[in-house]
Amino acid sequence: MNATTAPVPGTPAPATPSPAAAPGSAARKRVLLAEPRGFCAGVERAIGMVERALEIHGSPVYVRKQIIHNQYVVRQLEKRGAIFVESEEDVPEGEVCVFSAHGVSPAVRASADARELNVIDATCPLVSKVHQEAKRFAAGGRTILLIGHAEHEEVEGTVGEAPEHIVVVENLEDARTLQLPAGAEVSYLTQTTLSLDETRDIAAELLRRFPQLRGPGSDDVCYASQNRQSAVKELAAQADLVLVVGSDNSSNSVRMVEVAIRHGAESYLVNDVSKLDESWLRGVTTVGVTSGASAPEILVEQLVSRLAELGYGHVDTITTATEDVVFAMPGSLQ
């Protein structure tokens, strides 16, 4: 396989194009496979925590919400004895309850304590960072503009840290029309799984309107989301079609499709190979394939195998970053 490597994570490097087809010959159908793709460190940790909890405590282990937003992963864990519930109140008193990677509010923690649940907190450390920032800004009496999607579990958990201080800003129009009291001290934070480009546009508009705006010490959009979006931009520059493997409720996967479209490629979200619409391939020579941070590699392999059956048997890998981030599990599970 041809490979192109960029030395700086999140910064795409131009990939080496395949040789042009000879005059008069049909172009060779191929797949461009993005690297990095798939599971990030926070997802690996969260899944591992449920698996380890099952090993230590046996079945059942209850999980509040989906541990990550991927139906395949949820089904596999259910087969091993995990029970997924919508609320900590659905967990029998005293039982093991795992909080998902998306984080929870203090109210949820208090409810779990009241039920004497054996809580295992799988919140992604990067989400926990946003929670800590929210508490710090709120302690200083600042109004916090949280860029994100109001209905997303991660945003619900962050808002819960300081509901009287946080205003959710979902899009550029919200940023343009937001009304705040004169003289308000304002900070902003972001959901970790957003489109980096769109988030920067929203933050720039907020800064234009509120020049004293303070942001987080470092980007809240997580390294994995940034890296996968950078890879998608490279795919979009070279492929006729970009397929993103991921679930419909996976924010980072949906954002990757949006990034591909914004950069000129036709793009679709594919939950699994059964959702591949072969009509998408009509007239397509190069298919870009990648996956969201919560999508297991087996789903990518199945899609690539199906594409090979349909004539896209040549695969080139485009590498735009190298990831070596690992988040350790808590000592109680080691």
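Our subject is the structure listed above.
Note that the coordinates shown come from a computational prediction; the quantities given were computed from them, not determined experimentally.

**What to know about helix α2 (residues 71–79)**
Turning to α2, its buried residues are V73, V74 and L77. Seen along its axis, α2 keeps its buried residues to an arc of 100°; they face one direction. Looking at the buried residues of α2, the elements they touch are α1 (41–57) and β3 (82–85). Residue N70 occupies the N-cap position of α2, its side-chain oxygen lying 3.1 Å from the main-chain nitrogen of Y72.

**Some words on the sheet that holds strand β7 (residues 166–169)**
One open sheet accounts for three strands, arranged β7-β6-β8; its pairing is parallel. Each edge of the open sheet is held by one strand with a lone partner, namely β7 and β8 (186–190). Pairwise comparison of adjacent strand axes, ignoring direction, gives a mean angle of 25° for this sheet. Pairing geometry for strand β6 (residues 143–147) and β8, over five bridges, is parallel. Within the sheet, the bridge partner assigned to T143 lies in β8 and is V186. Of the strands in this sheet, β6, β7 and β8 are in contact with helix α4 (residues 125–139), which crosses β8 at around 170°. On top of the sheet, helix α7 (residues 196–209) reaches β6, β7 and β8; it is set at about 155° to β6, its chief contact.

**Details of the pattern of salt bridges**
Should their charged atoms come close, side chains of opposite charge can pair. Evaluated as defined, the whole model comprises 16 salt bridges. A salt bridge links R109 to D121, with the shortest nitrogen-to-oxygen separation between them at 3.0 Å. Taken as a pair, R109 in helix α3 (residues 106–114) and D121 in strand β5 (residues 118–121) lie far apart in primary sequence, 12 residues in all. Among the salt bridges present, the one from E309 reaches R306, with a minimum N-O distance of 2.8 Å.

**Digging into the sheet that holds strand β2 (residues 61–64)**
Reading across from one edge, β3-β2-β4-β5 is the order of the four strands in this open sheet, with parallel pairing throughout. Both edges of this open sheet fall to β3 and β5, since each of them pairs with a single strand only. Across this sheet, the average inter-strand angle for adjacent strands is 30°, counted without regard to direction. Here four bridges tie β2 to β3, and the two strands are oriented parallel to one another. When the sheet's bridge partners are listed, V63 is paired in β3 with F84.

**Here we look at helix α9 (residues 251–262)**
The terminal C-alpha atoms of α9 lie 16 Å apart, and with 12 residues this matches the ideal 16 Å at 1.5 Å per residue to within 8%. Taken together, the buried positions of α9 are occupied by S251, N252, S253, R255, M256, V257, V259 and A260. On its buried face, α9 sits against α8 (223–238), β9 (241–245), β10 (266–270) and β11 (286–291). Immediately downstream of α9, the backbone of G264 shows phi near 95°, a positive value.

**Re the pairing of β7**
Pairing between β6 and β7: four bridges, direction parallel. Considered in β7, the bridge of L145 is made with V167. In this region the chain leaves β6, passes through helix α5 (residues 153–159) and returns to the parallel neighbour β7; the handedness of that crossover is right-handed.

Thresholds, definitions, all that
Residues numbered from 1 in each chain as written. Predicted model: local features only at pLDDT ≥ 70, side-chain atom pairs only at ≥ 80, totals over all residues. Heavy atoms only, no water. Buried < 20%, exposed > 50% of the residue type's maximum accessible area, 1.4 Å probe, protein only. Helix = DSSP H or I, 4+ residues; strand = E, 2+ residues; numbered from the N terminus. Arc of directions from axis to C-beta. Contact = heavy atoms within 4.5 Å. Polar contact = N/O pair within 3.5 Å; in protein donor to acceptor, adjacent residues only side chain to side chain. Pairing = 2+ DSSP bridges. Axes fitted to C-alpha atoms, helices over the stretch in contact; angles between N-to-C directions. Salt bridge = Lys/Arg side-chain N within 4 Å of Asp/Glu carboxyl O. Expected span 1.5 Å × (residues − 1). Right-handed = clockwise from strand over helix to strand, strands pointing away.

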